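Survey of secondary and tertiary structure
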Amino acid sequence: MSKLLTAESQELSELLPYNLLSKGELKEIASLLEFPKRIAITTHHKPDADALGSSLALYWYLRQKGHDVTVVTPSDYPAFLNWMPGQPSVIAYDHGKPSEKIKNIFSDADIIFCLDFNSLKRIFDLGDWVAGSRAVKIMIDHHLQPEDFASFNVWNTQAAATAELVFYFITLLGDHHLITLEIAQCLYAGILTDTGSFRHPSTNRTVHLIVADLLRIGVNPSKIHKQIYDNNNLSRLRFLGFVLKDKLIVDKELHTAIISISKEEIAEYQVDTGDTEGVVNYALSVKGIVLGVVVIERKDMVKLSFRSVGNFDVNTFARQYFEGGGHKNASGGKSEKSINDTVEYLMQSIKQNKNNLAEAYDSYFKTL
Ligand code: 5GP
Ligand code: MN
């Protein structure tokens, strides 16, 4: 495999996780992809840059290999991802509007790739269609505690982004030379955002080596950064101003900062999909905070985002109290209660974790 990599990325090849798939699995997948197939790619609800970027990167790769490929998302996604090469071909499922066309994409598929999620609940209605399809299912994901629904799991929780795993997947199949500029741009976006612009603890040497390789292929990091982070419309900035001024509540004793946003506030500020992304990071950025939470009243449910530092495990927290999950320091969940009842229940749940929060605070902030 390594001889297919360029000299610049020779060092990277030594760091590739060759145990990501066994030799037998790699061979099986390679033979599945040998002849043209109908392939569906799907990713989680409200896709972020890693979800959509890794899906589109895989889309471009599989197309080059001669397959008929369709990307279907279980919902809409932020407009700041519209620059992604291949985005116009993505089919976004409109929740509540049953679609025969989309159903058939899954039932007629030979292979379904499930990217950046590991529980069929994360794709809502599409979950039944994926489960019911006779297609071979390949999951590529980096979240904790995967469910057992796929034939192949390209799964590693150490990976900073699913995009990193897609890079490995292509490379392990011996196709590193097929990583085009389009693929590299999509992968870069996924790694950029899932590492919080290269600052989360998942950011390691391998991540930077992969990114260096993507830059060698021609990615312009500054332009992609601009597309993703400096694409605010005025209403989002006004909304952010309102949230920071009026909605951010800090409980120093519990080392927690919470922001809750009601349906009425969403309507008043004309908040769009994606406009709330990143808001939770402001909660976590308050000095001394271990747990940051955003609670948002969406149309059909109350959605929660959790971020933490150090040993406070928000994957476990989200699973225990909010039917959710994710990573140790970044997770999400939902609630069927009203927004007020959700916030009350959240506060009780946080209080039950007072000791864990205090321990996480001591170990994180007192020993830098
Ligand atoms: P975010 O707060 O940005 O929506 O999500 C943070 C992380 O948790 C992401 O990796 C996301 O995929 C995951 N996540 C968000 N909501 C849920 C959920 O309801 N269930 C599970 N299992 N994971 C979630
Ligand atoms: Mn991800």
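Our structure is the block above this text.
Throughout what follows, the structure given in this document is the object of discussion. Worth saying up front: this structure is predicted, and the values here are computed from it rather than measured.

**Focus: the packing of helix α6 (residues 162–172) against helix α7 (residues 181–194)**
At a closest axis distance of 8 Å, the pairing of α6 and α7 adopts a crossing angle of 140°. As summarised for this structure, α6 and α7 are arranged oblique, according to the angle between their axes. Between α6, through A163, E164, V166, F167 and I170, and α7, the contact on the second element is made entirely by I183, L187, G190 and I191. The class makeup of the residues in the contact of α6 with α7 is seven nonpolar, one polar and one charged.

**Considerations on the site of ligand 1**
Surveying the vicinity of ligand 1 reveals 14 residues, the closest of which are R122, H143, K303, S305 and R307. Separating a nitrogen atom of ligand 1 from a backbone N or O atom of G325 is a distance of 3.0 Å. G332 places a polar main-chain atom, nitrogen or oxygen, 3.4 Å from an oxygen atom of ligand 1. Burial of ligand 1 by the surrounding chains reaches 81%, relative to a free accessible area of 500 Å². For the shell around ligand 1, the secondary-structure elements that each account for two or more residues are β10 (302–308), β11 (325–326) and β12 (330–335). When residues in the shell around ligand 1 are grouped by element, the largest group, four residues, is from β12. Across the shell around ligand 1, the residue classes tally to one nonpolar, ten polar and three charged. Of the domains in this structure, domain 1 (3–229) and domain 2 (234–365) are the two that each give at least three residues to the shell around ligand 1.

**Side note on the coordination of the manganese ion (ligand 2)**
Looking at the metal site, the manganese ion (ligand 2) is ligated by D50 (OD), D116 (OD), H142 (NE2) and D194 (OD), spaced 2.2 to 2.4 Å from it. The sequence pattern describing where the donors of the manganese ion (ligand 2) fall on their chain is D-x65-D-x25-H-x51-D. Taken together, the positions of D50 in helix α3 (residues 49–64) and D194 in helix α7 put the pair 144 residues apart, joining distant regions of the chain. A single burial state applies to D50 and to D194, both of which are buried.

Conventions used here
Residues numbered from 1 in each chain as written. Chains lettered and ligands numbered in written order. Predicted model: local features only at pLDDT ≥ 70, side-chain atom pairs only at ≥ 80, totals over all residues. Heavy atoms only, no water. Axes fitted to C-alpha atoms, helices over the stretch in contact; angles between N-to-C directions. Helix = DSSP H or I, 4+ residues; strand = E, 2+ residues; numbered from the N terminus. Parallel < 35°, antiparallel > 145°, perpendicular 65-115°, else oblique. Contact = heavy atoms within 4.5 Å. Nonpolar A, V, L, I, M, F, W, Y, C, P; charged D, E, K, R; others polar. Near = heavy atom within 4 Å. Polar contact = N/O pair within 3.5 Å; in protein donor to acceptor, adjacent residues only side chain to side chain. Areas by Shrake-Rupley, 256 points an atom, 1.4 Å probe, with all protein chains shown as cover. Domains from an automatic or database assignment. Donors = N, O, S within 2.8 Å, 3.2 Å for Na, K, Ca; no water. Buried < 20%, exposed > 50% of the residue type's maximum accessible area, 1.4 Å probe, protein only.

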